[in-house]
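# Commentary on secondary and tertiary structure
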Amino acid sequence: MRKTLYTTIGLFTLILAACASSATPTSTAPSPAPEVSAPATEIPATESAAAPTQASADAPASEVSFASDVMPIFEKSCNKCHGIDQIKEGLDMTSYEKLMEGSFNGEVVVLGNADESMLVELIAKGKMPKRGDKLTDGQLQIIKDWVNAGAPNN
């Protein structure tokens, strides 16, 4: 048994010594990058390697207009309960000024911060609108972009 143990330890020591002697020494000078040739691929005419990427949720791709982008969403999905037939929770969404007054619960839009805005939170969680179709991801993104841009009255 001892002989097997000594033999195993000896072999292990030889392997470690061989590995240590074959290790490449580290150098402070950078080594040149190896050339890598990528396989040639064809990109169809409809696609481009320089295609624009989708903007992040924090940075709007372009300026969002309250009057032409945001208000039409409110008119279609929100104003019946928040301004036309009734003003639920004290929130009137029929104009920029009335929206910015907030609701019985306080402000609903935190300028420049969609993540902290009650308006965005309730829409994102699917709690609003209560009646009718929920807003699409695209509609929600328009509202987020507008709030993150400072919710301008434009």
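The numbering scheme is per chain: residues are counted from 1 as the chain's sequence reads. The model is predicted, so local features are restricted to residues of pLDDT at least 70 and side-chain atom pairs to those at 80 or more, both for listing and for counting; the totals for chains, interfaces and linings are taken over all residues. Remark: hydrogens and water are excluded; side-chain values derive from all non-hydrogen atoms of the structure.

### Digging into the nonpolar core
- The criterion is simple. A nonpolar core is a set of buried Ala, Val, Leu, Ile, Met, Phe, Trp, Tyr and Cys residues joined through side-chain atoms within 4.5 Å. Each residue is placed in one exposure class: buried if its accessible area under a 1.4 Å probe, protein chains only, is under 20% of its type's maximum, exposed if it is over 50%, and partly exposed if it falls in between. Grouped together as the largest cluster of nonpolar side chains are 23 residues, with contacts concentrated most on F66, F74, L99, V109, L119, I143 and W146.
- Labels follow the DSSP assignment, with helices taken as runs of H or I lasting at least four residues and strands as runs of E lasting at least two, numbered in each case from the N terminus. Among the secondary structure elements, those contributing two or more residues to this core are helix 2 (66-77), helix 3 (96-101), helix 4 (118-124) and helix 5 (137-148).
- Per-element tally for this core: the top contributor is helix 2, with five residues.

### Structural notes on the side chain of S65
- Relative to the helices and strands, S65 resides in the loop between helix 1 (2-22) and helix 2.
- Here A67 takes part through its backbone nitrogen, which lies 3.4 Å from a polar atom of the side chain of S65.
- Residue contacts follow a heavy-atom distance rule, with two residues in contact if any of their heavy atoms lie within 4.5 Å. Apart from the residues lying within four places of it in its own chain, the contact partners of S65 are V70 and N154. The definition of a polar contact used here is a pair of N or O atoms within 3.5 Å, where within protein one atom must be able to donate a hydrogen and the other to accept one, and adjacent residues in sequence count solely through side-chain atom pairs.

### Examining the layout of surface pockets
- Definitions used for this entry: grid spacing 1 Å over protein atoms alone; cavity, a set of points where a 1.4 Å probe fits but cannot get out; pocket, an open set with protein on both sides within 12 Å along at least 5 of 7 lines; lining residue, one with an atom within 4 Å of a point. Grid points are joined across faces, edges and corners, and a volume is the space filled by probe spheres set on the points. In this structure, the largest pocket encloses a volume near 350 Å³.
- What lines the largest pocket is a set of 18 residues, and nearest its centre among them are S77, C81, P129, K130 and R131.
- A class-by-class count of the residues in the lining of the largest pocket yields four nonpolar, five polar and nine charged.
- When its volume is computed, the second largest pocket comes out at roughly 220 Å³.
- Any residue outside Ala, Val, Leu, Ile, Met, Phe, Trp, Tyr, Cys, Pro, Asp, Glu, Lys and Arg is labelled polar, Gly included; the first ten of those are nonpolar and the last four are charged. Of the residues contributing to the lining of the second largest pocket, the split by class is 10 nonpolar, four polar and one charged.

### Some thoughts on the environment of S65
- Judged by relative accessible area, which is 16%, S65 ranks as buried.
- Separated by 87 residues in the primary sequence, S65 and P152 have C-alpha atoms spaced 7.7 Å apart.
- A distance of 3.0 Å separates a polar atom in the side chain of S65 from a polar atom in the side chain of S68.

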